[in-house]
Number of protein chains: 2
Amino acid sequence: MELLGSLRKGSGAQTNPIWPFVPYEFEFDYIAESLDPVATLAGPRILPSKTFNQVSNIQYDVILVPGAESRIVADISPTIVSFVKTQNPGLKYLLSVCTGAWIVAKAGVLEGRNATTNKAAFRRIKNETSTNINWIPKARWMVDGNIWTSSGVSAGGDMAHAFMEHLVGDNFTTVTRNIVEWRAAEQGDDPFAEAWGLV
Amino acid sequence: MELLGSLRKGSGAQTNPIWPFVPYEFEFDYIAESLDPVATLAGPRILPSKTFNQVSNIQYDVILVPGAESRIVADISPTIVSFVKTQNPGLKYLLSVCTGAWIVAKAGVLEGRNATTNKAAFRRIKNETSTNINWIPKARWMVDGNIWTSSGVSAGGDMAHAFMEHLVGDNFTTVTRNIVEWRAAEQGDDPFAEAWGLV
């Protein structure tokens, strides 16, 4: 998010002359079932900006589906799965981070696709989702059509970096990477598939 | 934070048998001037858990001073600087991420120390802080006594990884790193000092 946040309307990237101009101006929503603060796995509580109810008539261009601990995603609310399913046909891009790919799989969106997910939860997710999904064990992230899936949490930054380069090119992305000091990985630079015995 | 969050009281690391036992149980506070939501540079609004006023009689073991855009840190509130100054003598560890080192420098805590900070803001911070601080340009993070300073945002993860290893050893840290898929950098693996012409 610290990478993609540079594409936000009103961000430093639009006012600081060290960034090249980009023809994008993102507005972000953080959507949850209610506006109550969300307790995170590690970090402060965060505030949703809208509820799923409030956006039922909105078609987003891009959605990013985050993950959570396996036991939480195993019992994920049908509201979230249904949101992904409803948004998908009109999306320009669908991104997932970590076990978020499990939610996307539950929404039926990964049928016949290449995808990846958190390596610690890889076997369980592969076993509990459609056999028609081609789960790739060794990858920081996968792209299949307009669907981008990334591996465990930190791999989300590498996917965000590659996604930004895809959207706005290398000039802007290099400045952003150098400011947040992101050591961007190549797509196959994934030691964790091996660490979890998946390759 | 996703790394250090595994040391939190009640976190998965205490209940999931894949993690080795550690004799630590952290409780985190997120301290701000008021309990109002904090707008972040890139991401949702976050909720402080306590105000500086509420913790004026508390001595923490560890504080982590985050950064912000240069223009914000240049005008940083005296309350924050004073909090760092007051906490410092009783701290076991003081950590900073990104331009957070600028705040720590303003509190007088880095006199005679080695420290590092965000490379995009490095020259400005070096010029506007005490000449008695030994700012190190090429480093993901620096350790001097009980003071740990890291470079721009993403380098904070590498410092957190090294700090966890220092606290609880390699067994626990390896499990945590493999779950969040953190590609941990060596301390000197810093391409950004060069990118900003600092070495």
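The name given to chain A in an unreviewed UniProt entry is DJ-1/PfpI family protein, with the source organism recorded as Rhizoctonia solani 123E.

### Concerning the UniProt feature "domain: DJ-1/PfpI" (unreviewed entry) in chain A
UniProt's entry tags residues 24-165 of chain A with the feature "domain: DJ-1/PfpI" (unreviewed entry), counted in the numbering of this structure. Regarding residues 24-165 of chain A, the helix share stands at 28% and the strand share at 19%, and the terminal C-alpha atoms are separated by 13 Å.

### Regarding the sheet that holds strand 5 (residues 93-96) of chain B
Residues and elements named next belong to chain B. Across the sheet, which stays open at both edges, the four strands sit in the order 4-5-9-8 with mixed pairing between neighbours. The outermost strands of the open sheet, each flanked by one partner alone, are strand 4 (62-65) and strand 8 (141-144). Strand after strand, the sheet turns through a mean of 10° between neighbouring axes, direction not considered. The pairing of strand 4 with strand 5 spans four bridges and is parallel. Bridge pairing in strand 5 places Val 65 opposite Ser 96. Where helix 6 (residues 155-168) meets the sheet, its contacts fall on strand 4, strand 5, strand 8 and strand 9 (147-150), and the angle it forms with strand 9 comes to roughly 150°.

### Quick word on the relation of the copies chain A and chain B
Relative to chain B, chain A is turned by 180° and slid 0.0 Å along the rotation axis, the superposed coordinates differing by an RMSD of 0.0 Å. In the structure described here, the two chain copies are related by an operation that fits a two-fold rotation axis. By C-alpha distance to the rotation axis, the residue of chain A lying nearest is Ile 46 of chain A, at 2.2 Å. Looking at the interface residues of chain A, 100% of them are also at the interface in chain B, so both copies use one shared face.

### A word on the side chain of Thr 99 of chain A
All names here are of chain A. Within the secondary structure, Thr 99 is located in the loop between strand 5 (93-96) and helix 4 (100-106). The class of Thr 99 is buried, set by a relative accessible area of 2%. The residues contacting Thr 99, other than those within four sequence positions of it, are Gly 67, Ala 68, Val 73, Thr 117, Asn 118, Ala 121 and Ile 125.

### Points about the sheet that holds strand 8 (residues 141-144) of chain A
Residues and elements named next belong to chain A. Ordered by their spatial adjacency, four strands build an open sheet running 4-5-9-8, and the pairing between neighbours is mixed. Both edges of this open sheet fall to strand 4 (62-65) and strand 8, since each of them pairs with a single strand only. On average, each strand axis in the sheet is inclined to that of its neighbour by 10°, with strand direction left out of account.

### Structural notes on the packing of aromatic side chains
For any pair of aromatic rings, the description consists of the separation of the ring centres together with the inter-plane angle of the planes. Residue and element names in this part refer to chain A. Under the defined criterion, the tally for this structure stands at 15 aromatic pairs over all chains. Relative to Phe 163, the ring of Tyr 93 lies with its centre 5.0 Å away and its plane at 80°, an arrangement referred to as edge-to-face. Residue Tyr 93 is found in strand 5, and its partner Phe 163 is found in helix 6 (residues 155-168); the two are separated by 70 residues along the sequence. Side by side, Tyr 93 and Phe 163 carry an identical accessibility label, which is buried. Here the guanidinium or amino end of Lys 106 rests over the ring plane of Trp 102, the centre of that ring lying 5.3 Å away.

Conventions and cut-offs
- In every chain, residue numbers begin from 1 and rise along the written sequence.
- By the order in which they are written, chains take letters starting at A while ligands take numbers starting at 1.
- Restriction of local features to residues with pLDDT of at least 70 applies here, the model being predicted, together with a cutoff of 80 or more for giving and counting side-chain atom pairs; totals for whole chains, interfaces and linings are based on all residues.
- Calculated side-chain values reflect all of the structure's heavy atoms, with hydrogen atoms and water omitted.
- UniProt positions are given in the numbering used here, feature names are shortened, and annotations may be inferred rather than shown by experiment.
- Helical segments are the DSSP runs of H or I of at least four residues, strand segments are the runs of E of at least two, and each set is numbered from the N terminus.
- Each pair of strands is called paired provided DSSP finds at least two bridges between the two strands.
- Where helices are involved, their axes are fitted lines through C-alpha atoms of the stretch in contact, as for all axes, and angles between N-to-C directions lie from 0 to 180°.
- Whether two residues touch is decided by their heavy atoms; if any such pair falls within 4.5 Å, the residues are in contact.
- The copies were overlaid by least squares, fitting only the C-alpha atoms of residues that reach a pLDDT of 70 or more in each copy.
- A simple rule labels every residue: compare its accessible area, found with a 1.4 Å probe on the protein chains alone, to the largest value its type can have, and call it buried under 20%, exposed over 50%, or partly exposed in between.
- Centre distance within 6.5 Å is the pairing criterion for rings of Phe, Tyr and Trp, where only the six-membered ring of Trp is used; planes under 30 degrees apart are then read as stacked, over 60 as edge-to-face, and the remainder as tilted.
- Whether a charge sits over a ring depends on NZ of Lys or CZ of Arg being within 6 Å of the ring centre and within 35 degrees of the ring normal.

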